[in-house]
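The primary structure of each chain is shown beneath.
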Amino acid sequence: MSFVEIKKLVKSFGPEVAVAGIDLSVEQGEFVTLLGPSGCGKTTTLRCIAGLEHPDSGDIQIEGDYVTSVANEVFLTPEERNLGMVFQSYAVWPHMTVFDNVAYGLRIRRETRAAIKEKTTNALNLVGLGHLAERYATKLSGGQRQRVALARAIVYNPKVVLFDEPLSNLDAKLREQMRIELTRLQHDVGITSIYVTHDQTEALVMSDRVVVMDKGVIQQIGDPETIYAEPTNAFVANFIGVANLMEGKLLGHEGSATDVEIPLGDGSAPIRLKTTGAEGAPVGSKIILSIRPEDILLHLEKPADTLNLIEGEVIDTVYLGNFLDCQVQVGPYEIGVQIDHFEELDLGQKVYLSFTPDHGLCLTE
């Protein structure tokens, strides 16, 4: 059995189903991120694990013990679950010093004075705030307050730490720094962590595994590389990073290759793919072709003998520093392409796009 086991979890708010019978296992010491758009059910799932919501049905076990079982009428309170929580709002008490903020939970648990001092000092040193122990919280920056919240969550050695979008209130540069520090701390301490975010970059950078959710259902679970490179459907492909999606028709399979046809209004483009997510789909069925912008080559002149060649017209270019984001109109589709930042293109210019069979994915909706 995994360290955290969620089985057939269901939670509704009136007629709205927030979590629709999900199953999820988290191993000890693992960093798992629940990722998805607003309203997908990720925060509700986290709150059910924390004991802040009563599920309609399902079980949750931590280290083999039930903390929630609707059928068996088991529901431990949040304080009985031995979990740490870090919220979007820092919830740092301004009238207390940094030390007292972190030590508060230990005092509630009636730990000895010596234990409180040792554990609080260790937690503050882990998050890099040992030198600010006697400073009042009102004198801290946003990043420092978030570190206080983190130290408070780990100070009593909880079984699991739950993170509810903890970095969303920080500016971009500090958020990037805190991602690195959180990942380092999690690996150093080895605490089992479940993290909620709608930020794809956070999920890809920090996680051992990513759980992509939509409409209360888990769409895919996998390590960051698999989630990005091998999405199981069009939703995951479009939500993780940027993907160009085009509807087409499956023409057939030939060995390891799959042939599809993409209607483009005034014609069609024959496409050959090496990898596909539609192995069992019948000929003639509808598919979604997914191509990442960084996997497309842009040609100013029509190349000879090139697979998967599509003609288009430049409709926009945006300078993004290390690359140029180019939008190309191809039939009814606007295709995004990343090209060298020194490339000069004119609006309305005819260009040709190509990609290798390895870089196209054949997906279902």
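For the structure, check the block above.
Each chain carries its own residue numbering, running from 1 in the written order of its sequence. Reporting in this predicted model follows two pLDDT cut-offs: at least 70 for local features of residues, and 80 or more for side-chain atom pairs to be given and counted; totals over whole chains, interfaces and linings ignore these cut-offs and use all residues. Excluding hydrogens and water, the side-chain values take into account all heavy atoms of the structure.

(A) Inspection of the pairing of strand 20 (residues 350-354) at higher detail. We call a residue buried when its accessible area falls under 20% of the maximum for its residue type, exposed when it is over 50%, and partly exposed in between, using a 1.4 Å probe and counting protein chains only. Helix and strand labels come from DSSP, where a helix needs a run of H or I of at least four residues and a strand needs a run of E of at least two; each type is numbered from the N terminus. Along strand 20, 4 of the 5 residues are buried, which leaves the element largely enclosed by surrounding structure. Any two strands with at least two DSSP-identified bridges between them are counted as paired. The pairing of strand 16 (residues 297-299) with strand 20 spans 3 bridges and is classified as antiparallel. Of the residues in strand 20, the one forming a bridge with L298 is L353. Examined bridge by bridge, strand 17 (residues 309-319) and strand 20 share 5 bridges and lie antiparallel to one another. Following the sheet pairing, G312 is matched in strand 20 by V351.

(B) View of the sheet that holds strand 8 (residues 160-164). Read across the sheet, 6 strands follow the order 7-8-9-3-10-11 without closing on themselves; strand pairing throughout is mixed. Strands at the two margins of the open sheet, each flanked by one partner only, are strand 7 (83-86) and strand 11 (217-222). Direction aside, neighbouring strands of the sheet carry axes that sit 20 degrees apart on average. Bridging between strand 3 (residues 31-35) and strand 10 (residues 209-214) involves 4 bridges; their strand directions are parallel. Only the stretch in contact is used when a helix axis is fitted, and all axes are lines through C-alpha atoms; the angle between N-to-C directions ranges over 0 to 180 degrees.

(C) Representation of empty space enclosed by the protein. Put simply, the grid is 1 Å and covers the protein atoms alone, a cavity is a trapped set of points that fit a 1.4 Å probe, a pocket is an open set with protein on both sides within 12 Å along at least five of seven lines, and lining residues have an atom within 4 Å of a point. Grid points are joined across faces, edges and corners, and a volume is the space filled by probe spheres set on the points. Considering all chains together, one arrives at 3 cavities of 30 Å³ or more under this definition. Space inside the largest cavity adds up to approximately 70 Å³. Surrounding the largest cavity, L150, I154, V161, F163, L182, L185, Q186, V189, I191 and S193 form its lining. Every element with two or more residues in the lining of the largest cavity is listed here: helix 4 (142-154), strand 8 and helix 5 (172-189). Sort the elements by how many residues they give to the lining of the largest cavity and helix 5 lands first, with 4 residues. Under the scheme applied here, ten amino acids are nonpolar (Ala, Val, Leu, Ile, Met, Phe, Trp, Tyr, Cys and Pro), four are charged (Asp, Glu, Lys and Arg), and all others, including Gly, are polar. Looking at the lining of the largest cavity residue by residue, the class counts come to 8 nonpolar, 2 polar and no charged.

(D) Just the sheet that holds strand 2 (residues 16-26), in detail. Pairing is antiparallel across the open sheet formed by 5 strands, whose spatial order is 2-1-4-5-6. The open sheet has two edge strands with one neighbour each: strand 2 and strand 6 (74-75). In this structure, strand 1 (residues 4-13) lies alongside strand 2, joined through 8 bridges in antiparallel fashion. Directly across from K11, in strand 2, lies its bridge partner V19. Contacting strand 1, strand 2, strand 4 (57-62) and strand 5 (65-69), helix 1 (residues 42-50) runs over the sheet at an angle of about 115 degrees to strand 1. Two residues qualify as a contact provided that any one of their heavy atoms is within 4.5 Å of a heavy atom in the partner residue.

(E) Representation of a nonpolar patch on the surface within the structure. A cluster of nonpolar side chains, contributed by W93, Y104 and I108, occupies part of the molecular surface with about 290 Å² of accessible area. Inspection of the secondary structure puts W93 in the loop between strand 7 and helix 2 (98-108). Take W93: its relative accessible area is 31%, and that puts it in the partly exposed class. Patches draw on residues past 30% relative accessible area with no salt bridge. Two like charges within 9 Å are joined, as are two nonpolar side chains (Val, Leu, Ile, Met, Phe, Trp, Tyr) within 5 Å. Calculation of accessible area relied on Shrake-Rupley with a 1.4 Å probe; when residues are assessed, cover is drawn exclusively from the protein chains displayed. The salt bridge criterion pairs a side-chain nitrogen of Lys or Arg with a carboxyl oxygen of Asp or Glu, the two atoms within 4 Å.

(F) Quick peek at the packing of helix 4 against helix 5. Running from N to C, helix 4 and helix 5 cross one another at 20 degrees; their axes reach a closest spacing of 11 Å. Here helix 5 runs roughly parallel to helix 4, going by the angle between their axes. In terms of crossing hand, the pair formed by helix 4 and helix 5 is right-handed. Between helix 4 and helix 5, the residues in contact are G143, Q146, R147, L150 and I154 and L174, Q177, M178, E181, L182 and L185, respectively. Just so you know how the angles are binned, under 35 degrees is roughly parallel, over 145 roughly antiparallel, 65 to 115 roughly perpendicular, and the rest oblique. By definition, turning the near helix anticlockwise from the far helix through less than a right angle yields a left-handed crossing, and turning it clockwise yields a right-handed one.

(G) A look at unusual backbone geometry. Despite not being glycine, E63 shows a phi value in the positive range, around 55 degrees. Position of E63 among the secondary structure elements: in the loop between strand 4 and strand 5. Of note, N82 is a non-glycine position whose phi angle comes to about 55 degrees, a positive value. Positionally, N82 belongs in the loop between strand 6 and strand 7.

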